[in-house]
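As a plain string of letters, each chain reads:
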Amino acid sequence: MMKAKKVLFVTQEITPYVSDSEMARMGRNLPQAVQDDGHEIRTFMPKWGIVNERRNQLHEVIRLSGMNLIIDDTDHPLIIKVASIQAARMQVYFIDNDDYFQKRKMTVDENGEDYEDNDERAIFYARGVLETMKKLRWAPDVVHCQGWMSAFLPMYLRKVYSDEPVFKNCKIIYSLFGSSFTKPFGERLVDKLVMRGIERNEIQDIIKAPFDYPEMCKLAISYSDGVIQNSESVDQRAIEFAKQKGVPVLEYQSEDKYVSAFENFYEQVCGAKPKEK
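Residues numbered from 1 in each chain as written. Predicted model: local features only at pLDDT ≥ 70, side-chain atom pairs only at ≥ 80, totals over all residues. Heavy atoms only, no water.

Observations regarding the overall build of the protein chain
For the protein chain, the helix and strand inventory stands at eight helices and 11 strands. At 17 Å, the protein chain has a C-alpha radius of gyration in line with the 19 Å of a compact globule built from 277 residues. The principal-axis extents of the C-alpha atoms in the protein chain amount to approximately 45 × 45 × 40 Å. A buried classification covers 55% of the 277 residues belonging to the protein chain. (Helix = DSSP H or I, 4+ residues; strand = E, 2+ residues; numbered from the N terminus. Rg over C-alpha atoms; globule rule 2.2 N^0.38 Å. Buried < 20%, exposed > 50% of the residue type's maximum accessible area, 1.4 Å probe, protein only.)

Remarks on unusual backbone geometry
A cis amide bond links T15 with the next residue in sequence, P16, at an omega value of 20°. When you line up the elements, P16 lands in the loop between β1 (6–10) and α1 (22–36). Even without being glycine, D73 reaches a positive phi, approximately 65°. Mapped onto the elements, D73 comes out in the loop between β4 (68–71) and β5 (74–77). For D73, a relative accessible area of 77% corresponds to the exposed category. In the Ramachandran plot, R89 falls in the positive-phi region, its phi being about 50° despite a non-glycine side chain. Along the chain, the position of R89 falls in the loop between β6 (79–85) and β7 (90–96). Of the residues examined, R89 reaches a relative accessible area of 60% and is grouped as exposed.

Observations regarding the packing of aromatic side chains
A complete count under the given rule lists 10 aromatic pairs for this structure. Look at F185 and F211: their rings are 6.0 Å apart centre to centre, the planes differ by 25°, and that puts the pair in the stacked class. Linking F185 in the loop between β9 (171–176) and α4 (189–193) with F211 in the loop between α5 (200–204) and α6 (213–222), this pair joins segments that are 26 residues apart in sequence. Side by side, F185 and F211 carry an identical accessibility label, which is buried. Grouped by ring-pair contacts, the aromatic residues W48, Y100, F101 and F124 constitute a single cluster. Its end group placed over the ring of Y115, R104 keeps NZ or CZ at 4.3 Å from the ring centre. (Phe/Tyr/Trp six-rings, centres within 6.5 Å; stacked < 30°, edge-to-face > 60°. Lys NZ or Arg CZ within 6 Å of the ring centre and 35° of its normal.)

Looking at the pairing of β6
Regular strands place side chains that alternate from one sheet face to the opposite one. Buried residues dominate β6, accounting for six of its seven residues. Note: strand β3 (residues 59–60) against β6, two bridges, orientation antiparallel. Its bridge partner being in β6, E60 is matched across the sheet by K81. The antiparallel hairpin formed by β6 and β7 contains four residues in its connecting segment, where R89 sits at a positive phi of about 50°. (Pairing = 2+ DSSP bridges.)

Regarding helix α8 (residues 258–270)
Between its first and last C-alpha, α8 extends 18 Å over 13 residues, near the 18 Å set by a 1.5 Å rise per residue. Along α8, the positions that sit buried rather than exposed are Y258, A261, F262, E263, F265, Y266 and V269. Tucked into the core, α8 has its buried residues touching β1, α1, β8 (142–146), β9, β10 (226–229) and β11 (249–250). (Expected span 1.5 Å × (residues − 1). Contact = heavy atoms within 4.5 Å.)

Next comes the structure, spelled out in structure tokens:
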């Protein structure tokens, strides 16, 4: 078992808040298991419009809400909500915004089509988590990102937030799942990603058009300290990219074995030399 650490889980889906899936089960079970092994955790997910706030007893955290995040020259209010999974003794923080999440499904609409602004939703989610962590003043040893909605977070953490005291010594792990989006992001993605700390010329060479799911995984891996193959079948281009970059890869683990394997991987990554910015 690894030494006691603080682990931040930034995930896309957690059951029982959304329908059961491989990612949602891991989003629910992994943090609980890591906590039960003696570690501190914090867990985030988007407040998808399908999350039943009354049934799941979500409430807004006023002291954490109220900031505006500027994306593509437009202000978007950041709303933070929280709920508890009593059986797991686990709190979940939700990133919310009226434009991006309220009254909307997850990554596809009623017709099964990808939302046109999924790129902005992922940007808002990543930055919303990082801003909230600053306010919480809780310094994680490991930031574990699960699902493509969290894929912009490694870049923002390394390029914009790396000097923040809460993030100075953390390691980033990105999990690859079989689930993805189908419609590549638009040509204005670079414009939307740019902010203080991220210059256009720095990311233009990394972000290749069309910016599809494999390219998004590559972007996340470029700024991560470790990669986990979470699904039995994933896009092998992302795995090969990680290996080419010298990023440690933990291969697929069955559901009955993954907790100890993940904890050992956290320990391995935390013991590695610091990654250059």
